[in-house]
Amino acid sequence: MTDVTDTGSAGSAVSDYMQEMLPEFVAESRELLDNVEDHLLNLAETSDSDLIRESIDTCFRNFHTIKGNAALMGIAAISNLAHAAETVLSDTRQASGGIAMNHRRWLMAVVDLLRASLVHLTAAEPLDTAAFESLMQAPDSATHSLDNLPIGFMDATSIDHADQLPLGEILIAMGKLNREDVAEALRHQRELRPKVQTEQRRSAENQNRNDDNHFIRPNTSLSPVRYKDIRVDVDKIDRLVNLAGELVTVADMLMHRGNDQINDQLNRLVGDLRGVAMSMRMVPIAVVFRKMKRLVADISQGLGKPVGLQIRGEETEVDRELAEQIGDPLLHILRNAIDHGIETPAERQAAGKPRNGQIVLEAEHAGDEVRIIVQDDGRGLDRERILIKAQEKGLITGTEKLTDEAVWRLILHPGFSLADSVTALSGRGIGMDVVRKNLEKVSGRLEIRSVKDRGTTITLRIPLTLAVIDTLLVGVGDDLFVIPLSAVIECAELKPNPGDRPYTGQIIEIRDEMIPQIRLRERYRIGGTPPADEQVVIVRTDTGRLGLVVDRALDKHQTVIKSLGRLYRRHREFSGVTLMGDGRLALIVNLQQLEHSPDRRGVPSDL
Amino acid sequence: MKVLIIDDSRFSRSLTVKWFRAIRPEAVIIEAEGGQNGIDLFDREVPDMLVTDLVMPEITGDQVIRRIRATGKPCFVVALTANVQKKVQQEIRDLGADLFLEKPVSEEKVQRLIDAYEQNVGQ
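Residues numbered from 1 in each chain as written. Chains lettered and ligands numbered in written order. Predicted model: local features only at pLDDT ≥ 70, side-chain atom pairs only at ≥ 80, totals over all residues. Heavy atoms only, no water.

Details of the interface of chain A and chain B
If you look at the interface, chain A gives 33 residues, while chain B gives 28 residues. Buried area between chain A and chain B, both sides added, is near 2800 Å², and the carbon and sulfur share of it is 58%. On inspection of chain A and its partner chain B, the count reaches two salt bridges. At the boundary of chain A with chain B, the tally comes to seven residue pairs in polar contact (both at pLDDT 80 or more). Of all elements in the fold, only helix H1 (16-19), helix H2 (22-45), helix H3 (49-73), helix H14 (286-303) and helix H15 (320-341) of chain A reach the threshold of two or more residues within the side of chain A that touches chain B. Looking at the side of chain A that touches chain B element by element, the count peaks at nine residues for H3(A). (Contact = heavy atoms within 4.5 Å. Buried area = accessible area lost by both parts, 1.4 Å probe. Salt bridge = Lys/Arg side-chain N within 4 Å of Asp/Glu carboxyl O. Polar contact = N/O pair within 3.5 Å; in protein donor to acceptor, adjacent residues only side chain to side chain. Helix = DSSP H or I, 4+ residues; strand = E, 2+ residues; numbered from the N terminus.)

Some thoughts on the sheet that holds strand E4 (residues 76-81) of chain B
All names here are of chain B. Strand order in the open sheet formed by five strands is E2-E1-E3-E4-E5, with parallel pairing between adjacent strands. With one partner strand each, in any of the chains shown, strand E2 (28-32) and strand E5 (99-102) form the two edges of the open sheet. When the angles between neighbouring strand axes are averaged without regard to direction, this sheet yields 20 degrees. Sheet topology note: the strand E1 (residues 2-6)/strand E3 (residues 49-53) ladder contains four bridges and is parallel. By the bridge assignment for E3, Leu4 is matched with Leu50. Relative to the sheet, helix H1 (residues 10-23) contacts E1, E2 and E3, its axis offset from that of E2 by approximately 175 degrees. (Pairing = 2+ DSSP bridges. Axes fitted to C-alpha atoms, helices over the stretch in contact; angles between N-to-C directions.)

Here we look at the confidence of the model for chain A
All names here are of chain A. When the pLDDT values of chain A are averaged, the result is 73; 69% of them are 70 or greater. Scored below 50 in pLDDT, residues 420-429 makes 22 contacts in the model with residues more than four places away or belonging to other chains. Note on residues 598-607: pLDDT under 50 across the span, and 21 contacts to partners over four residues away in sequence or across chains. (pLDDT = per-residue confidence, 0-100.)

Re the pattern of salt bridges
Counting across every chain of the model gives 24 salt bridges over all chains. Here Glu447(A) and Arg449(A) are joined by a salt bridge, their closest N and O atoms 3.7 Å apart. For Arg69(B), the salt bridge identified is with Asp98(B), shortest N-O distance 2.9 Å. In this pair, Arg69(B) is assigned in helix H3 (residues 61-71) and Asp98(B) in the loop between helix H4 (86-95) and E5, connecting sequence segments 29 residues apart. Assessed through its relative accessible area of 30%, Asp98(B) is described here as partly exposed. In this structure, a network of salt bridges that share partners links the residues Asp34(A), Glu37(A), Asp112(A) and Arg115(A). (Buried < 20%, exposed > 50% of the residue type's maximum accessible area, 1.4 Å probe, protein only.)

Some remarks on the sheet that holds strand E2 (residues 307-312) of chain A
All names here are of chain A. As summarised here, the arrangement of the five strands in space is E2-E4-E5-E7-E6, forming an open sheet in which the pairing is mixed. One side of each edge strand has no neighbouring strand; the edge strands of this open sheet are E2 and strand E6 (445-451). Along the sheet, successive strands turn relative to each other by an average axial angle of 15 degrees, direction set aside. Sheet topology places E2 next to strand E4 (residues 357-366); six bridges connect them, and they run parallel.

Shown next, in the form of structure tokens:
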């Protein structure tokens, strides 16, 4: 067994440098310990040798990880104890068969102590040194008792009733023990604990009842530490958000029936509930931005290009999942900005710019999406160079007339690199295509604007992934559709278009402005005859405005988004479906898809 | 320099990454949380250096090293391990690891590792 006396650094001694890593260490250790506990419980319940082996391997690996991580944190006590656990498990693995019951119980005690220690660490309290020392002695002290028999050899259910005589008789019959051993073991067992029931062990409360066994229990639940926050399974939060969303629908149904006073109250409560539920998934983007600050400083120093980073809107709240996913893409964009965008101080001076480059990193909410903007004041993208490289790569033939926006988008192609030579510093980077792919994971899009010698702005636009959005309900024939209200500019009556065939009109004129139009009736092949007084909903899209021609615009509607499920995932024209108060379904129009599809100019109806 | 770091522990991986970034801010660092993911990323990104943990569920570090050596692509391979047994080390070395990095990882160790890599590449 490892040196037990070295619990020296166990106190509150986690260095300042490591202190910022502590939450992550604690979170991961908790997960690993939960997993160990599950497997230890499994071990008590199975006699399948494959499962036993698998559980032992998993426990070993988890303790191994905890050992390594604790060593990284410089917490010797935890590292040593995890090492001891690892040794016990490794011996068990070699021995084949199963894990001795006293070993399993000791491992449970280790799990409990480590969990309690994580609480202490979080609260910056000293660890329970005595408990550590006592556990470090323990695993082999309880020898020659019934407990020592490997579980894998026995019927697990018998173990649960180990205080009943027949088991002893069986063991004698099996030749595993003689009568004296059994008598001794039973006496020992009675001293240890009145009952061994695995079910009981599942309850945390029960763990304190075991105080009379010879392993000193850490006082887990007696600890006065108060949590300011609790860990909740994200699935549960998602369910809560979902339920709150459905409640919105039901409240909507009631709107048309109950009395006004109750309706007002109900609506307010349901709205608040929904808000709270959704906010539970949100974190300020500051957690991501702060990391970027440090990284930008490091990169600019490494490249010898002094850069000032200005951060705006770091209080903007984003979905937790997004905060986790956005770090890498942002880092790549910032790296590119410094590496390729910002000039050297000498070049900047020659161009009459301040010596230090300037990068603005900004987050803001805009409608139902969050925008993250990276703006540099560097040399800007080189249109000619991109076109040449794109031709070399065969992405374009060279004869197309491309807008700036289309040219900039070329750099998003896989393997596109502007670097002339591969050096240690540049040109080996993960390309912008990876940034784009990462963004797609969170259904985000990327926009590039660039002006020569003035700089480049990259905007990431990511939906807030809200489960409930405000929408405009429209009807075409008997079908209902909803359009995200944040995109709607206005509704107007469609003026008849004399002289033109009514169904092929491509452009409509609204307030002297020509806007491309899409007839939902034709687009979705609904059929039927449109009414004389068709209406047009003007929406804002990436590239401008778009008119959606519908039979009638109905009402504002709070929409609970349900995904269409895997069967329909290729139907990207709709981003989901929603249930109406009266039980009818309405499809949610995906405006980006509508706009980008090739037949956006409207096709003649073939129905 | 492009570095692929494979480690199933989020915590330990993030620290290793942190130190790489502190020492070589310009390095491109790719992270994988498991063996299979690591092998996929290796094929796609062709890193100059691979740092892999050995003890991992499903596809273990030694399997990763074996697979990567089988591709024949040049790469400086570092095995991350808490196991200092000579026998184990020799086995991993025979598989084609260039260097061992003994756990716990520290900034100094990452520095030494980068030095070793640069010497190796310089040759």
